[in-house]
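# Summary of structural features
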Amino acid sequence: MSLIDVRLSELGIVIPELVAPVAAYVPAIVHGDLVFTAGQLPMVSGALPATGKVGDGHGLIPAADAKEYARLSALNALAAVKSVIGSLDRITSIVKVTGFVASHPDFTGQPGVINGASEVLAAIFGDIGAHARSAVGVAVLPLDAPVEVEIIVAFK
Amino acid sequence: MSLIDVRLSELGIVIPELVAPVAAYVPAIVHGDLVFTAGQLPMVSGALPATGKVGDGHGLIPAADAKEYARLSALNALAAVKSVIGSLDRITSIVKVTGFVASHPDFTGQPGVINGASEVLAAIFGDIGAHARSAVGVAVLPLDAPVEVEIIVAFK
Amino acid sequence: MSLIDVRLSELGIVIPELVAPVAAYVPAIVHGDLVFTAGQLPMVSGALPATGKVGDGHGLIPAADAKEYARLSALNALAAVKSVIGSLDRITSIVKVTGFVASHPDFTGQPGVINGASEVLAAIFGDIGAHARSAVGVAVLPLDAPVEVEIIVAFK
């Protein structure tokens, strides 16, 4: 087992199967020593576990649930990275995470939601998992997904 | 004629004149072997062909129209790239496309809209046109544009 | 004094103290000769000078005020850059600025708002301050901030 595989096993994390793009693009692309992923939705076995806007109140997705969906999106992003570089052990740095949260206009907890992505990356990669990040609240996301996460990683 | 010029001619595509930035920035910048474009609106001869939010219903821009505006935005992005590297034949890879769709909160078809950009890039560049991509639905865009597209390309 | 320090002094600009990330990430990261910053809010001494959506009308933040907040966000981004490369004199190019404006759906003046960031970068860095840029209007931002700005810079 590779070092990252051992770590994933300790954490009880299984990197999911690659999610096929929902449109005319590829899941990730290599340029030089960087991998740029496509925006990843929290797909589980090909379906969204929830749809709608994040916020407080009837009919909205609670922030705690959305944080878990951000975590799933980040794992799907790692699956996309793995699909182009073969092994996550080749990652030398998580450079950038951008997280979009489909938000009710009154919901301002986007940082806590996207922590679902940031924290799982830190847990898996330790020091090299530290990344720059933007989190924003958008009107709506593809397929009515609650979150979308894209990442840029460096590898060797 | 260059290879890309031949392909554009076959496709009946004319790369538009460079669109002047609407504010205090430049259309594109070179760093190393990458070009980063500014976000491009679907300007045609200096004006937006339509304004408003994309969605289903009275007063909204239909998705099919918005897809065409995404295509126009991508062509404007290529004009921006051309302005800094001289020829589109120098492009070795379309690395990343980010597409913002000014969306009614009920409209979730952003991927189909941004396919207007992805498909024209695939048509022009073939295998090297495959790119990572994010599509998100935002509240509103500059000048009330329905879509905005930015790209990162590699060149030699 | 360094050249940039002289320029900042002439402009009466003080680069603020580094703003601690509001969540599980780092303010900026170096990869190769690039620095990617996290999305920066217009924090002043640890607090937002205003919260809400930008637009025209009662209860909204006027565009002129938001432009100043974009300027503050850009200065916070420079503080983040400085924290990882030591001196702003090492910057060789402002490559990319992405500006998110928390917008009332009727407000379409995002370019003018994000000019607050672009113009201060141009004032400080002159020719090497010219950058590609995207400005979008989002539903809501972290902590109900009116603007968020992230930048990519090259350095030597």
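Residues numbered from 1 in each chain as written. Chains lettered and ligands numbered in written order. Predicted model: local features only at pLDDT ≥ 70, side-chain atom pairs only at ≥ 80, totals over all residues.

Turning next to the relation of the copies chain A and chain B. Superposition record for chain A on chain B: RMSD 0.0 Å, screw rotation 120°, translation along axis 0.0 Å. The transformation just described matches what one would write down for a three-fold rotation axis. (Least-squares fit on C-alpha atoms with pLDDT ≥ 70 in both.)

Facing 27 residues of chain C, the contacting portion of chain B comprises 22 residues. For the side of chain C that touches chain B, the secondary-structure elements that each account for two or more residues are β3 (91–102), α3 (110–125) and β4 (132–138) of chain C. The element contributing the most residues to the side of chain C that touches chain B is α3 of chain C, with 8 residues. Classifying every residue of the side of chain C that touches chain B gives 14 nonpolar, 10 polar and 3 charged. (Contact = placed C-beta atoms within 7 Å. Helix = DSSP H or I, 4+ residues; strand = E, 2+ residues; numbered from the N terminus. Nonpolar A, V, L, I, M, F, W, Y, C, P; charged D, E, K, R; others polar.)

Attention now goes to the pairing of strand β4 (residues 132–138) of chain A. Residue and element names in this part refer to chain A. Across the 7 residues of β4, 7 count as buried, placing the element largely inside the fold. Residues Ala132, Ser134, Val136 and Val138 line one face of β4 and the alternating positions Arg133, Ala135 and Gly137 line the opposite face, and both faces are buried. Across 7 bridges, strand β3 (residues 91–102) lies against β4 in parallel orientation. Bridge pairing in β4 places Gly99 opposite Ala135. Since β3 and β4 lie parallel, the crossover through helix α3 (residues 110–125) that links them has a hand, and here it is right-handed. (Buried ≥ 20, exposed ≤ 12 C-beta atoms within 10 Å, placed from the backbone. Pairing = 2+ DSSP bridges. Right-handed = clockwise from strand over helix to strand, strands pointing away.)

Residue and element names in this part refer to chain B. One non-glycine residue, Ser45, lies in positive phi territory at about 50°. The backbone of Leu143 sits at a positive phi, close to 60°, despite the residue not being glycine. Inspection of the secondary structure puts Leu143 in the loop between β4 (132–138) and β5 (147–155).

Quick look at the nonpolar core now. Soluble, globular proteins show a tendency: their nonpolar side chains are buried together. Val101 and Val138 of chain A, Val101, Val138 and Val147 of chain B together with Val101 and Val138 of chain C are the most contacted members of the largest nonpolar core, which has 156 residues in total. Excluding its chain neighbours within four sequence positions, the residues that come into contact with Val147 of chain B are Pro42, Ala66, Tyr69, Ala70, Ser73, Gly99, Phe100, Val101, Ala102 and Val113 of chain B. (Core = buried A, V, L, I, M, F, W, Y, C linked by C-beta atoms within 7 Å.)

Residue and element names in this part refer to chain C. The 5 strands lie next to each other as β1-β2-β5-β3-β4, forming an open sheet whose pairing is mixed. Of all the strands in the sheet, just β1 (28–31) and β4 have a single pairing partner and so form its edges. Across the sheet, the axes of successive neighbouring strands diverge by a mean angle of 15°, strand direction being ignored. Sheet strands in contact with helix α2 (residues 63–85) are β1, β2 (34–37), β3 and β5 (147–155), and its direction is about 40° off that of β5. Packed on one face of the sheet, α3 meets β3, β4 and β5 and runs near 160° to β3. (Axes fitted to C-alpha atoms, helices over the stretch in contact; angles between N-to-C directions.)

Before going further, it helps to examine the confidence of the model for chain A. Regions with low pLDDT should not have their predicted coordinates read in detail. Within chain A, residue pLDDT values average 96, and 100% of them lie at 70 or more. ipTM for the predicted complex: 0.95, alongside a pTM of 0.97. (pLDDT = per-residue confidence, 0-100.)

Residues and elements named next belong to chain A. Judged by pairing direction, the sheet is mixed, and its 5 strands sit side by side in the order β1-β2-β5-β3-β4 without closing on themselves. Each edge of the open sheet is held by one strand with a lone partner, namely β1 (28–31) and β4. Along the sheet, successive strands turn relative to each other by an average axial angle of 15°, direction set aside. Note: strand β2 (residues 34–37) against strand β5 (residues 147–155), 3 bridges, orientation antiparallel. Opposite Leu34, over in β5, you have Ala154 as the bridge partner.

What follows is about the interface of chain A and chain B. On the side of chain B, 27 residues touch chain A, which itself brings 22 residues to the contact. Among the secondary structure elements, those contributing two or more residues to the side of chain A that touches chain B are β1, β2 and β5 of chain A. Ranked by residue count, the leading element in the side of chain A that touches chain B is β1 of chain A, at 3 residues. Of the residues in the side of chain A that touches chain B, the class split is 16 nonpolar, 3 polar and 3 charged.

To continue, consider the environment of Val54 of chain C. Residue and element names in this part refer to chain C. Among the secondary structure elements, Val54 is positioned in the loop between β2 and α2. Residue Val54 is classed as buried on the basis of its 25 C-beta neighbours within 10 Å. Taking the C-alpha atoms as reference points, Val54 and Pro146, 92 residues apart in sequence, are found 6.3 Å from one another.

We now examine the packing of α2 of chain C against α3 of chain C. All names here are of chain C. Direction vectors running N to C along α2 and α3 enclose 40°, while the axes themselves pass 7 Å from each other. Relative to α3, α2 is oriented oblique. Crossing of α2 over α3 shows right-handed handedness. Each of Ala63, Ala66, Lys67, Glu68, Ala70, Arg71, Ser73, Ala74 and Leu75 in α2 lies in contact with α3, whose residues at this interface are Gly112, Val113, Ile114, Asn115, Gly116, Ala117, Val120 and Leu121. When the residues that make up the contact of α2 with α3 are grouped by side-chain class, the tally is 10 nonpolar, 4 polar and 3 charged. (Parallel < 35°, antiparallel > 145°, perpendicular 65-115°, else oblique. Left-handed = near helix turned anticlockwise from the far one by under 90°.)

Take the environment of Ser9 of chain C next. Relative to the helices and strands, Ser9 of chain C resides in helix α1 (residues 3–11). Note: C-alpha distance between Ser9 of chain C and Ile124 of chain C (115 residues apart in sequence) is 9.9 Å.

We now examine α1 of chain C. The periodicity of an α-helix, 3.6 residues per turn, causes residues three or four positions apart to be oriented the same way. For α1 of chain C, the tally of buried residues reaches only 0 of 9 residues, placing the bulk of the element at the surface. Following α1 of chain C by one or two positions, Gly12 of chain C adopts a phi angle in the positive range, close to 70°.

Residue and element names in this part refer to chain A. Here Leu75 lies in helix α2 (residues 63–85). Take Leu75: there are 24 C-beta atoms within 10 Å of it, and that puts it in the buried class. Along the backbone, Leu75 and Asp106 are 31 residues apart, and their C-alpha atoms lie at a distance of 28 Å. Leaving out residues up to four positions away in the same chain, Leu75 has contacts with Ile13, Ile15, Pro16 and Val120.

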